[in-house]
Amino acid sequence: AVVSTQSTGYASKQEILETFSEVAEVKDVALTALCCYNQFGLVTFQEAPSTETLLHLKNVSIHRNLLTVQPFFKPPIIGHSEKKLFIKRVPARASKRDIERCFDSFGSIKDIEIIRHKKCAFIESFDTKVIALIIHLSSNGVIFRVLGQNVFVERFKFKVKS
C-alpha cells in the first residue's frame, strides 16, 4: 500500500519515516526537493494500513507544517509509457532547462524533447516512481508552471501500429 504526502514545508526522509512508522511498518519513503513551498512524497508500507489508520494520519504535522496524506493508486499502464510524460501548452521560449527546473525536484530526468511548433514537450525519467508521482499530483490539482505559465501534464500514450 502506498500513500502520497504533501507538506507545506521541508521534512526529512527520516522524519517522515518516523512519523509513519508509528502507525504501520514502512517499506520505503521517496521525497521530492522543496518545490514552490511544498514537498511531495510517496510512502510505501509493508502491508496495507487500515482505513482508520489512514484517517489518523490526516492531521499529522512536522515542524508545524501540515502533512496532507491520501491513498496513492498507480493507474494501469495499458498503451502508456511508465517513464515518459507529455506536457501541453509549453511556452514558445521555454528551454529544456526551464522545463527541467519545473520537474527535476521529483527525481532525475533522463531526457526532454521540445516540439516548439506544437507547444508541447516529452519528458523521460529514469524512474517510474517519478512519472507516477507527477501524474498523481497533476490529477489531484497540483499546477505545474514553466516560465510562469501553467502547463498540462499527461502520461505519454504511444500509438500501436496495426
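Worth saying up front: this structure is predicted, and the values here are computed from it rather than measured. (Residues numbered from 1 in each chain as written. Predicted model: local features only at pLDDT ≥ 70, side-chain atom pairs only at ≥ 80, totals over all residues. Heavy atoms only, no water.)

Trainee: How should the overall build of the protein be read in this particular structure?
Mentor: Secondary structure summary: the protein contains four helices and ten strands in total. In sequence order, the protein lays out its α and β elements as β-α-β-β-α-β-β-β-α-β-β-α-β-β. A burial count over the protein gives 43% of its 162 residues as buried. For the protein, the share of sequence-separated contacts (at least 6 apart) that also reach a separation of at least 24 residues comes to 65%. (Helix = DSSP H or I, 4+ residues; strand = E, 2+ residues; numbered from the N terminus. Buried < 20%, exposed > 50% of the residue type's maximum accessible area, 1.4 Å probe, protein only. Contact = heavy atoms within 4.5 Å.)

Trainee: Can you help me understand unusual backbone geometry in this one?
Mentor: Trans is the prevailing form of peptide bonds, just as negative phi is the prevailing case for residues other than glycine. With a phi angle near 55°, Lys119 is a residue other than glycine that sits in the positive phi range. Looking at the element boundaries, Lys119 is found in the loop between strand S7 (109-115) and strand S8 (120-125). Located in the positive-phi region is Leu147, a residue other than glycine, with phi close to 50°. Along the chain, Leu147 turns up in the loop between strand S9 (144-146) and strand S10 (149-157). Looking at Leu147, the relative accessible area reads 36%, which means it is partly exposed.

Trainee: What exactly am I supposed to notice about the environment of Ser105 here?
Mentor: Its location among the elements puts Ser105 in the loop between helix H3 (96-103) and S7. Put simply, Ser105 and Leu31 are 74 residues apart on the chain and 8.8 Å apart in space, counted from C-alpha to C-alpha.

Trainee: Help me out: how do you make sense of helix H1 (residues 13-21) in this one?
Mentor: Every α-helical turn comprises 3.6 residues, leaving residues that sit three or four positions apart pointing alike. Where H1 is concerned, the buried positions are Ile16, Thr19 and Phe20. Taken end-on, H1 shows its buried residues confined to a sector of 90°, consistent with a single buried face. (Arc of directions from axis to C-beta.)

By themselves, these are just geometric observations and shouldn't be taken as functional.
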